[in-house]
Amino acid sequence: MNINASLERVRERAAAEGLLDVAYASTDSPFGPLLLAKTPMGLVRLGLPNQDADELLVELAAKISPRVLEAPAALDEERRELDLYFDRKLDSFDLPLDWSLSDGFRLRVLHQIATIPYGETRTYTEMARGAGNERAVRAAGTACGRNPIPLVVPCHRVLRSGGALGGYGGGLPMKRGLLTLEGVLDESPPG
Amino acid sequence: MVSALPPFQVLIDEHAANVMAVLRGAVGREGAEDCFQETFLAALRAYPQLQDDSNLRGWLITIAHRKAVDHHRARGRRPVPVAEVAETAVTDPEPNDDGVWLAVGALPPKQRAAVTLRFALDLPHAEIADALGCSPEAARRSLHEGIKRLRKELA
């Protein structure tokens, strides 16, 4: 038994003992590697390719628990569904989510976003209204920008009222790419 | 900020090989894997309550040392032949090292740990003291007595 096999046993025993407060794994996407992090409650954080994975793990250690362990097997279902999504074979994620990184108005906005169906879009104003404060459009935009679980909570489906793309934590090319994948935008690159 | 401790995975990435090396030196290859698992599980249990994160390696090695002592106690303090020396050995033992490590395995626990940490891991006295939870002077003494005894055994 080598050191990796021993570590695998440590992970298994830690999970069985309820010590895996935050399990994480990385997975490939057409946009680059994604970082997935999960608590016993569900997916808590999804890091986009342009985000620093180490920083994100340090943040999770501070905000949730320092018991942060790389445990790919714990995220098999998340990785499977994301693969299917990027292959256009899945239009609705069925994953338990842990919302504990958000609260208040932002959390209400994220709940709104979570209900936007695949291939459809909404505006920041609609999100603000649905969260109970139609005038807080800017705050709704901030809530989108700080969405801890992008893709699964599809903030890429939120646009400006005039139809402009607005912003995206993963960069606008990714937002455009996701909307193209879902058939909202045409395949041809913007002119 | 609830905590400034680094993600536990960082401890694994940086220190797992060291811990395994210490344990192979202290309890032999067979026992090392069990002790390794016990060490990291104990560390994981205690980690969120850890107050002082200035020497995480010393903390892990302290736990490993306790698990090695438990292991020897469980086996009735029988001397354990050590077939393999730590992977990260810096100071090469005598060419005929089987006999040396056999003798190391027969030392009393504190002396054995001090000798292993010094010669398998090349730790300075201060870190040996940290790992053993004693003063640097006591660590120096354990090491000195361990070496003296080894010289006598192997003469």
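Data block above holds the structure.
Criteria and cut-off values
- Residues numbered from 1 in each chain as written.
- Chains lettered and ligands numbered in written order.
- Predicted model: local features only at pLDDT ≥ 70, side-chain atom pairs only at ≥ 80, totals over all residues.
- Heavy atoms only, no water.
- Pairing = 2+ DSSP bridges.
- Helix = DSSP H or I, 4+ residues; strand = E, 2+ residues; numbered from the N terminus.
- Axes fitted to C-alpha atoms, helices over the stretch in contact; angles between N-to-C directions.
- Contact = heavy atoms within 4.5 Å.
- Buried area = accessible area lost by both parts, 1.4 Å probe.
- Salt bridge = Lys/Arg side-chain N within 4 Å of Asp/Glu carboxyl O.
- Parallel < 35°, antiparallel > 145°, perpendicular 65-115°, else oblique.
- Nonpolar A, V, L, I, M, F, W, Y, C, P; charged D, E, K, R; others polar.
- Buried < 20%, exposed > 50% of the residue type's maximum accessible area, 1.4 Å probe, protein only.

J.: Is there a simple way to think about the sheet that holds strand β4 (residues 68-70) of chain A in this case?
T.: Each strand in a sheet pairs with another by means of backbone hydrogen bonds, the pair being arranged parallel or else antiparallel. All names here are of chain A. Read from one edge of the open sheet, four strands run β3-β2-β1-β4, paired in mixed fashion. Since the sheet does not close on itself, it has two edges, and those belong to β3 (42-47) and β4, each with one partner. Within the sheet, the average angular offset between the axes of one strand and its neighbour, ignoring direction, is 30 degrees. With three bridges joining them, strand β1 (residues 22-27) and β4 adopt parallel strand pairing. From the neighbouring strand, V22 faces β4, where its bridge partner is V68. The sheet contacts of helix α3 (residues 76-86) involve β1, β2 (34-39) and β3, and relative to β2 the element is tilted by about 140 degrees.

J.: Explanation requested: the interface of chain B and chain A in the structure shown.
T.: How large an interface is tends to be reported as the accessible area lost when its parts come together. Between chain B and chain A, the residue contacts involve 23 residues of the former and 22 residues of the latter. Of the roughly 2100 Å² buried at the junction of chain B and chain A (both faces included), carbon and sulfur atoms supply 65%. Contact with chain A buries area across many residues of chain B, yet B:Q9, B:Q37 and B:L44 alone supply 28% of it, more than any other trio. If you look at where chain B meets chain A, you find two salt bridges.

J.: Honestly, the packing of helix α4 (residues 104-114) of chain A against helix α6 (residues 137-145) of chain A in this entry has me stumped. Any pointers?
T.: How two helices pack is summed up by the angle between their axes together with the distance between the axes. Residue and element names in this part refer to chain A. Remark: α4 packs on α6, axes separated minimally by 9 Å, with the N-to-C direction vectors making an angle of 75 degrees. Here α4 is positioned roughly perpendicular relative to α6, judged by the angle of their axes. Contacts from F105, R106, V109, L110 and I113 in α4 reach A139, A140, T142, A143 and C144 in α6. Of the residues that constitute the contact of α4 with α6, the class distribution is eight nonpolar, one polar and one charged.

J.: Just to check I follow, could you spell out the environment of A:L43 for this structure?
T.: All names here are of chain A. As for its placement among the helices and strands, L43 is situated in strand β3. Classification of L43 by relative accessible area gives buried; the value is 0%. The spatial distance from the C-alpha of L43 to the C-alpha of I149 is 7.6 Å, given a sequence separation of 106 residues. Among residues more than four places away in sequence, those in contact with L43 are L36, A37, K38, L75, E78, L95, P96, L97, D98, I149 and V152.

J.: Even after reading the chapter, I still don't get the pairing of β1(A), so can you show me in this structure?
T.: Successive side chains on a regular strand alternate, one facing one side of the sheet and the next facing the other. The element β1(A) is extensively covered by neighbouring structure, given that five of its six residues are classed as buried. Hairpin connection of β1(A) to β2(A): six residues between the antiparallel strands, including A:G32 at a positive phi of 125 degrees.

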